[in-house]
Amino acid sequence: MVHPFNRIFGMGEKANTEQEEPGYSTDEVFQLEVGKIEPNRFQPRTIFNEEKIKELAQTINTHGMIQPIVVRQLDEENFELIAGERRWRAVQSLGWEKVPAIIREMSDTETASVALIENLQREELTVIEEALAYAKLLELHSLTQEALAQRLGKNQSTIANKLRLLKLPEEVQTALLNKSITERHARALIKLKDVEKQILILQAIIENDLNVKQTEERIAKINEPKEEKRKRPKLKGVNKDIRIAMNTIRQSLNMVSDTGVEVESDEKEMDDYYQITIKIPKKK
């Protein structure tokens, strides 16, 4: 039997010409000890929904394991998962000593690819996990984005857009993994080239529950060409401490403006003092 993955990535011929390891058939189901099975080191999924694992465990407890897991042999006693980690986790929670499994001979590249594709087909990955899966497949098979898109039946732009998310700072990627923001929020943040500004807007999205349109408006405000600054006092003939104080206030106002808050300021030089008037709108 040729796995669909082999057809997609051109390994069907190799799979047919290699002889099976004596001792088992690829279609034979074995009862393997749960404790001697290791998780797939290439698993793209980093977050497992424990509630869904519990639901799956209840189903398995009632109806049994309908579909065996798939593993490969590491040594005489131990195995590594290729596919079926949710089922493996479910039977662990049930305290089963053994689990039905099919043993396959696969290389690291094949094992990684099967795990990646199985999860991509389930469409349950977060966008960051999906992007990492695409990146790994490109690396494993030395493919272009266009070639990978053709083999997976997806648009090249879809894969390109996901991969761009991996250029975002770790804080943004973590927010995507935790579903604190949406993919559209993240794609809007790509338009900001400064990492610090991306993180500032990320904080604003989460703290103020900004929708995508509001986020895009703030980013557009930051990216628009700076208007010519209102004429400011030259600060000539004043001592160093006053100059430092005035410049610190100006820099602080610029930082607030960069977060998307429409701050208005006006400076006036009076006879005995400098006057700075600041207006911050109440609306977001």
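Residues numbered from 1 in each chain as written. Predicted model: local features only at pLDDT ≥ 70, side-chain atom pairs only at ≥ 80, totals over all residues. Heavy atoms only, no water.

Student: I would appreciate a short explanation of the sheet that holds strand S3 (residues 69–73) in the present structure.
Tutor: Reading across the sheet, the five strands line up as S1-S5-S3-S4-S2 and stay open at both edges, with mixed pairing between neighbours. Every interior strand has two partners, whereas the edge strands, strand S1 (29–33) and strand S2 (37–38), have only one. Note that S2 and strand S4 (residues 79–83) share two bridges and pair parallel. Looking across to S4, one finds that Ile-37 is bridged to Phe-79. (Pairing = 2+ DSSP bridges. Helix = DSSP H or I, 4+ residues; strand = E, 2+ residues; numbered from the N terminus.)

Student: So what exactly am I meant to see when it comes to helix H11 (residues 195–208) here?
Tutor: The periodicity of an α-helix, 3.6 residues per turn, causes residues three or four positions apart to be oriented the same way. With 14 residues, H11 extends 20 Å from end C-alpha to end C-alpha; this agrees with the ideal 20 Å at 1.5 Å per step. Considered for burial, the residues of H11 that qualify are Gln-198, Ile-199, Ile-201, Leu-202, Ala-204 and Ile-205. A distance of 3.0 Å separates the backbone nitrogen of Glu-196 from a side-chain oxygen at the start of H11, and that oxygen is part of Asp-194. One or two residues past the end of H11 sits Asp-209, with phi positive at roughly 50°. (Expected span 1.5 Å × (residues − 1). Buried < 20%, exposed > 50% of the residue type's maximum accessible area, 1.4 Å probe, protein only. Polar contact = N/O pair within 3.5 Å; in protein donor to acceptor, adjacent residues only side chain to side chain.)

Student: Where do I start with the packing of H11 against helix H12 (residues 212–223) in this structure?
Tutor: In contact at an axis separation of 11 Å, H11 and H12 are set at 150° when each is read in the N-to-C sense. By the angle between their directions, the pair H11 and H12 is classed as roughly antiparallel. Crossing hand, H11 versus H12: right-handed. Contact with H11, carried on its side by Lys-197, Ile-201, Ala-204, Ile-205 and Asn-208, involves Thr-215, Arg-218, Ile-219 and Ile-222 of H12 and no other residues of that element. Along the lines of polarity and charge, the residues of the contact of H11 with H12 split into five nonpolar, two polar and two charged. (Axes fitted to C-alpha atoms, helices over the stretch in contact; angles between N-to-C directions. Parallel < 35°, antiparallel > 145°, perpendicular 65-115°, else oblique. Left-handed = near helix turned anticlockwise from the far one by under 90°. Contact = heavy atoms within 4.5 Å. Nonpolar A, V, L, I, M, F, W, Y, C, P; charged D, E, K, R; others polar.)

Student: Just checking my understanding: could you explain the environment of Glu-196 for this structure?
Tutor: Summarising the element assignment, Glu-196 is placed in helix H11. The class for Glu-196 is exposed, based on a relative accessible area of 62%. The spacing of Glu-196 and Pro-169 is 27 residues in sequence and 9.2 Å in space, taken between C-alpha atoms.

Student: What should I look at first to understand the environment of Ala-90 in this one?
Tutor: Mapped onto the elements, Ala-90 comes out in helix H4 (residues 85–94). On the basis of relative accessibility, which here comes to 0%, the residue Ala-90 falls in the buried class. For the pair Ala-90 and Ile-60, spaced 30 residues apart in sequence, the C-alpha separation works out to 7.9 Å. Once residues within four sequence positions are removed from consideration, Ala-90 is found in contact with Ile-53, Leu-56, Ala-57 and Ile-60.

Student: What am I meant to see in the packing of helix H6 (residues 127–141) against helix H9 (residues 170–177) here?
Tutor: Any two packed helices are characterised by how steeply their axes cross, that is the angle between the axes, and by the distance between the axes. Where H6 contacts H9, the axes come no closer than 7 Å and their chain directions differ by 115°. Considering their axes alone, H6 and H9 lie roughly perpendicular with respect to each other. Contact with H6, carried on its side by Val-127, Ile-128 and Glu-129, involves Gln-173, Leu-176 and Leu-177 of H9 and no other residues of that element. Of the residues that constitute the contact of H6 with H9, the class distribution is four nonpolar, one polar and one charged.

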